[in-house]
Amino acid sequence: MSLKNKDLAELMDKVVKRNPGEPEFHQAVQEVLESLEPVVEKYPEYLTSGVMDRLVEPERILKFRVPWVDDNGKVQVNRGFRIQFNSAIGPYKGGLRFHPSVYEGIIKFLGFEQIFKNSLTGLPIGGGKGGSDFDPKGKSDGEVMRFCQSFMTELQRVIGADTDVPAGDIGVGGREIGYMYGQYKRLRNEYTGVLTGKGLTYGGSLARTEATGYGLCYFTEEMLQDKGDSFKGKTVVISGSGNVAIYATQKATQLGGKVVALSDSNGYIHDPEGIDLDAVKQIKEVERKRIKEYLNYRPNATYTEGCKGIWTIPCDVALPCATQNELDEASAKALVANGVKAVAEGANMPSTPEAIEVFQSNGVLFGPAKAANAGGVATSALEMTQNSMRLSWTFEEVDQKLHDIMKGIYKNARDAAKEFGMEDNFVAGANIAGFLKVADAMKAQGVV
Ligand code: NDP
């Protein structure tokens, strides 16, 4: 879809020219600008005050060398990034991704999305993102530790509990956060909540590990309930088998759904009797092995090489929880043909624009990542609060707050879509609701 508003169309052209070779970033900006067309028509001051021009330009980009020594004594060099995108409503907040596909464009797209997601949570957090092209897969614990220490030695210059608070993302879980936190503390000689997703013995929050997956299911349940439906009795397909996918599986099952498929970057498993989550946790969280090992636990399940086929499995609810652009138009059509009722994004930007169009034009309830997976960062912000207060809330307290936040996000996205004449378009609703708070804060703070 092209932009009808002349000023926004020009801005989009400028973004493409100034950020060459970064298609993921262009895709993320294009989607947001499309949603904001009715907003700037109604409130042209967002254009005249330069809010839009500033919004698409990161406040700061740090790019650095990460040298480390592997187990054979060989020097390895990776690239590190931290993009501090927007601090209008709070300190920069957003995860770190360690994956070979990481380059500036990926971090920029994720940092841009994070601005609106963080705003939607209702909590005072700005948008940022970081990471490295380092691949933790197949590395020893010692190698991962040395890499994390080197990465943090550089990153510590720009982060801080009131400045920028990174968290985990793909390839960055409790182990990596622990190594980075240890190095930060050693270099700075201070014990502050500078990272979230920490272990429970050193300042982590209960329910943070579960938060993104749980929050995704709370959001999906809200969408379904608004239409008089629920997870009960639904067949659910979830892609990925990492942090988000595992805890989405747990919550969807608790809410009465039956999860029948999961995947990793090699292939997918289909277990029509319902996924045995203990087996998946053993394989993925303890042994760090491939999802095909699942057949050793459940011989009646099937394993198929390649990821895309997972969307041909008939289901009522689909939750893409692996990576960007994993669900394309053909996959969306297959889901629709099999009668899918709701799709909600656990991963960031997993559906292509063409796939979203297929869902929306066929009346499928569609929960975009910015809203549906915001439970992770919201709970990270709750971890920051507990760190500042020097206390720990119970699992139930954090989970209750998460649940309330997800209900609030759903309501805000739904109401914003309605206000601008796009009922049930949660993509537009989430972009608009997230934008308005940030834009008003930017306007109030002058040209900075
Ligand atoms: P993990 O590293 O724990 O798991 C990622 C999963 O996705 C793995 O199963 C991985 O398989 C699979 N995957 C990764 N890249 C690809 C690829 N190119 N093709 C197919 N599968 C792939 O990450 P998370 O679960 O934390 O993150 C998953 C998604 O959720 C990401 O988009 C992330 O940005 C998003 N997200 C995460 C949050 C969090 O709190 N963790 C918060 C909000 C969003 P393999 O092991 O084979 O690589």
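Conventions adopted
- Residues numbered from 1 in each chain as written.
- Predicted model: local features only at pLDDT ≥ 70, side-chain atom pairs only at ≥ 80, totals over all residues.
- Heavy atoms only, no water.
- Helix = DSSP H or I, 4+ residues; strand = E, 2+ residues; numbered from the N terminus.
- Rg over C-alpha atoms; globule rule 2.2 N^0.38 Å.
- Buried < 20%, exposed > 50% of the residue type's maximum accessible area, 1.4 Å probe, protein only.
- Contact = heavy atoms within 4.5 Å.
- Areas by Shrake-Rupley, 256 points an atom, 1.4 Å probe, with all protein chains shown as cover.
- Salt bridge = Lys/Arg side-chain N within 4 Å of Asp/Glu carboxyl O.
- Near = heavy atom within 4 Å.
- Polar contact = N/O pair within 3.5 Å; in protein donor to acceptor, adjacent residues only side chain to side chain.
- Nonpolar A, V, L, I, M, F, W, Y, C, P; charged D, E, K, R; others polar.
- Pairing = 2+ DSSP bridges.
- Right-handed = clockwise from strand over helix to strand, strands pointing away.
- Axes fitted to C-alpha atoms, helices over the stretch in contact; angles between N-to-C directions.
- Parallel < 35°, antiparallel > 145°, perpendicular 65-115°, else oblique.

Some details on the overall build of the chain
- Helix and strand counts for the chain stand at 16 helices and 12 strands.
- Since a compact globule built from 448 residues should have a radius of gyration of about 22 Å, the 21 Å found for the chain is in line with a globular shape.
- Burial status across the chain gives 57% buried among its 448 residues.
- Sequence-distant contacts, at least 24 apart, represent 71% of the contacts inside the chain between residues at least 6 apart.
- Taken as a whole, the chain presents about 17,700 Å² of accessible surface, with 49% of it coming from carbon and sulfur.

Observations concerning the environment of Lys 289
- Secondary-structure assignment places Lys 289 in the loop between helix H10 (277–286) and strand S9 (302–305).
- The exposure class assigned to Lys 289 is partly exposed, which follows from its relative accessible area of 39%.
- Sequence-wise, Lys 289 and Lys 137 are 152 residues apart; in three dimensions their C-alpha atoms are separated by 9.5 Å.
- Not counting the four nearest positions on each side in its chain, Lys 289 is found in contact with Ile 283 and Lys 284.

Some thoughts on the pattern of salt bridges
- This structure, assessed with the given rule, holds 29 salt bridges.
- Between Glu 22 and Lys 108 there is a salt bridge; the shortest N-O distance is 2.8 Å. Here Lys 108 lies in helix H5 (residues 104–120) and Glu 22 lies in the loop between helix H1 (6–18) and helix H2 (23–42), a separation of 86 residues in the sequence.
- The class of Lys 108 is buried, set by a relative accessible area of 5%.
- Across the salt bridge formed by Asp 169 and Arg 97, the nearest N and O atoms sit 2.6 Å from each other. Residue Asp 169 is located in the loop between strand S5 (164–167) and helix H7 (174–188), and its partner Arg 97 is located in strand S3 (residues 92–98); the two are separated by 72 residues in the primary sequence.
- Here the residues in one salt-bridge network are Glu 22, Lys 63, Glu 104 and Lys 108, joined through shared partners.

Describing the site of the ligand
- The environment of the ligand is formed by 25 residues, the closest being Asp 169, Thr 212, Ser 265, Arg 290 and Asn 348.
- Between Arg 208 and the ligand, the recorded distance is 3.0 Å, taken from a side-chain N or O atom to an oxygen atom.
- A distance of 2.7 Å is found between an oxygen atom of the ligand and a side-chain nitrogen or oxygen belonging to Thr 212.
- About the coverage of the ligand: the protein hides 84% of its 890 Å² of free accessible area.
- Within the residue set of the shell around the ligand, elements represented by two or more residues are helix H8 (208–226) and helix H9 (243–254).
- Among the residues forming the shell around the ligand, the class breakdown is six nonpolar, 13 polar and six charged.

Describing the pairing of S3
- Extensive coverage of S3 is indicated by the burial of seven of its seven residues.
- Alignment of S3 against strand S4 (residues 126–132), held across five bridges, turns out to be parallel. When the bridges of S4 are listed, Arg 97 appears paired with Gly 131.
- Once the chain exits S3 it traverses H5 before rejoining the sheet at S4, and the crossover so formed is right-handed.
- Taken together, the four bridges between S3 and S5 define a ladder with parallel strand orientation. Across the sheet, Gly 94 pairs through a bridge with Pro 166, a residue of S5.

What about the sheet that holds strand S2 (residues 75–86)?
- Across the sheet, five strands lie side by side as S1-S2-S4-S3-S5; this open sheet has mixed pairing. Both edges of this open sheet fall to strand S1 (60–69) and S5, since each of them pairs with a single strand only. Across the sheet, the mean angle separating the axes of adjacent strands is 20° when strand polarity is ignored.
- Each of S3 and S5 is contacted by helix H14 (residues 375–389), which is oriented at about 115° to S3, the strand it contacts most.

Here we look at the packing of H5 against helix H16 (residues 426–444)
- At a minimum axis separation of 8 Å, H5 and H16 run at an interaxial angle of 85°. With respect to H16, the element H5 is oriented roughly perpendicular. Listed contacts from H16 to Ile 115, Phe 116, Ser 119 and Leu 120 of H5 are Ala 430, Asn 431, Ala 433, Gly 434, Phe 435, Lys 437 and Val 438.

Comments concerning the side chain of Gln 183
- Mapped onto the fold, Gln 183 is located in helix H7.
- Residue class for Gln 183 comes out buried when judged on its relative accessible area of 11%.
- Once residues within four sequence positions are removed from consideration, Gln 183 is found in contact with Gln 149, Met 152 and Thr 153.

Thoughts on the sheet that holds strand S7 (residues 258–263)
- If you walk across this open sheet you meet the seven strands as S9-S8-S7-S6-S10-S11-S12, and the pairing is mixed. Edge positions in the sheet fall to S9 and strand S12 (365–367), since each has one partner strand and no second. For this sheet, the mean inter-axis angle between neighbouring strands, taken without regard to orientation, is 15°.
- In the sheet, strand S10 (residues 317–319) pairs with strand S11 (residues 342–344) via two bridges, with the strands oriented parallel. Its bridge partner being in S11, Ala 318 is matched across the sheet by Val 343.
- Each of S10, S11 and S12 touches H8; the most contacted strand, S11, lies at about 150° to it.

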